[in-house]
Amino acid sequence: MAELSLRNVKKIYDNTVVAVQSFNLEIADKEFIVLVGPSGCGKSTTLRMVAGLEAITEGEIYIGGRKVNTVPPKDRDIAMVFQNYALYPHMTVYDNIAYGLRLRKFPKRVIDQKVREAAEILDITELLKRKPKALSGGQRQRVAIGRAIVREPQVFLMDEPLSNLDAKLRNQMRSEILKLRQKVNTTFIYVTHDQTEAMTLGDRIVIMRDGFVQQVGTPQEVFHHPANLFVACFIGSPQMNTFDARLVREGERYWVELEGMRVELSAEKRARLLAAGAASQPVVLGVRPEHISLTDGGDGVSAAVDVSEMMGSAVHIHVDACGRDVVIVVPVSEESAERGEDTLRSGTPVRFTFRGSAAHVFDPETGRNLEYPVREEPEERAPESGPPAREETEGFPPPPEDVGDPFTE
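Residues numbered from 1 in each chain as written. Predicted model: local features only at pLDDT ≥ 70, side-chain atom pairs only at ≥ 80, totals over all residues. Heavy atoms only, no water.

Colleague: Explain the side chain of Asn228 here, please?
Modeller: On the secondary structure map, Asn228 appears in the loop between α7 (219-224) and α8 (229-234). There is a polar contact of 3.0 Å between the side chain of Asn228 and the side chain of Gln214. When sequence neighbours within four positions are dropped, the list of residues in contact with Asn228 reads Gln214, Phe362, Gly367, Arg368 and Asn369. (Helix = DSSP H or I, 4+ residues; strand = E, 2+ residues; numbered from the N terminus. Polar contact = N/O pair within 3.5 Å; in protein donor to acceptor, adjacent residues only side chain to side chain. Contact = heavy atoms within 4.5 Å.)

Colleague: Before we go on, may I ask you to explain the sheet that holds strand β15 (residues 292-295) in this structure?
Modeller: Across a sheet, strands are paired by hydrogen bonds formed along the backbone, either parallel or antiparallel in direction. The antiparallel open sheet is built from five strands, whose spatial order is β15-β19-β16-β17-β18. Among the strands making up the open sheet, the edge pair consists of β15 and β18 (324-331). On average, each strand axis in the sheet is tilted by 50° relative to the strand beside it, whichever way the strands run. As defined by bridge partners, strand β16 (residues 301-310) adjoins strand β19 (residues 349-354) across four bridges and the pair is classed as antiparallel. By the bridge assignment for β19, Ser302 is matched with Arg351. (Pairing = 2+ DSSP bridges. Axes fitted to C-alpha atoms, helices over the stretch in contact; angles between N-to-C directions.)

Colleague: Honestly, the nonpolar core in this entry has me stumped. Any pointers?
Modeller: Among the nonpolar cores identified, the biggest contains 46 residues, and Ile97, Ile124, Ile145, Met158, Tyr190 and Ile207 are the most heavily contacted of them. Once residues lying within four places of it in the same chain are set aside, the contact partners of Ile97 are Val115, Ile124, Leu128, Val143, Gly146, Arg147 and Val150. Leu6, Ile33, Ile56 and Val155 belong to the second-largest nonpolar core, a separate cluster that totals 34 residues. (Core = buried A, V, L, I, M, F, W, Y, C linked by side-chain atoms within 4.5 Å. Buried < 20%, exposed > 50% of the residue type's maximum accessible area, 1.4 Å probe, protein only.)

Colleague: Would you mind showing me how to read the sheet that holds strand β11 (residues 241-250) here?
Modeller: The sheet built from five strands is open, its strands ordered β13-β12-β11-β14-β20 with antiparallel pairing. Each edge of the open sheet is held by one strand with a lone partner, namely β13 (261-264) and β20 (360-362). Strand after strand, the sheet turns through a mean of 40° between neighbouring axes, direction not considered. Relative to strand β12 (residues 253-258), β11 runs antiparallel, the two being bridged by five bridges.

See the structure below:
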């Protein structure tokens, strides 16, 4: 177990394409960190630099207080679970899990004990004599995780390990990873493009875009207090609704004005905006679908129903309002569902409103959350034009029969 430190880490390909820019992060011992963002944002490249599979262009990486910039993967005391499992097809499950230990010349008795302990943790004991081709995707992923567990590394690295599984298996494996974390109790760095995985697994989430870190925080922090418009729209499902609105300051009180409706912001938001020195100005207003409510009165924003999606415990109502599609999540009671009152017909006129505590206001030009002051040294932005970033979701191909594990050889 160890803490990690990434200091001003940068990765440039061919002296032109910036894949990761000025990445700084301190990871505590036994912390579960999730790197999340859209394809091409640099998250897998960052993980591969920690693993030693990609050379660092600039910056420093420390594992357990030791600088590892030039240390080969096998000497970093880390274990990595790849997106495509990277299992040896000609070996049994037992031999795949034991392979790294055999390369390190562990006694047969110790190898057998470690393999069977890992198999028991992952509930794959009955699969030890099978070969990978006889396993399902979820079982293969468990074997890949088992191969990492037996090494008892300081750090676990996981590169989109659930992306090849169907929805049901992904949910099941998320639970298994949480249980695994409690059992092995070590440091995890987990890469995903799925914000649901990030929110359910991480102690802290690192949200990336175009090679830059947008925000680092707990799942609650990034959901309730997004640093900018990108984070606000990326985290949360369905995506946050946005509107062109106006922020109005009168003394020490703030309102947002939208289509003739005026909503006063909560005391907490008022204090943040005052501390940041926010003035009256046009804003991008953000409100999450679950925080919007339909109203029967004359107040509220007028809209027309486009379509209703029944999602079981809630209905996602898409309405046309303010010249854009707006999603409203309406909880469904058992009684109303039985009576068939859970959907609205297309074209039905409705009105909606929201509480001041649920409103987020962003700068229309920079996307910055106005509740936070402008940084004295603004974070460098990725260029809007130029060559596209290299695809960073490339999986590490399964090693052929004559090639060993890069973390053990």
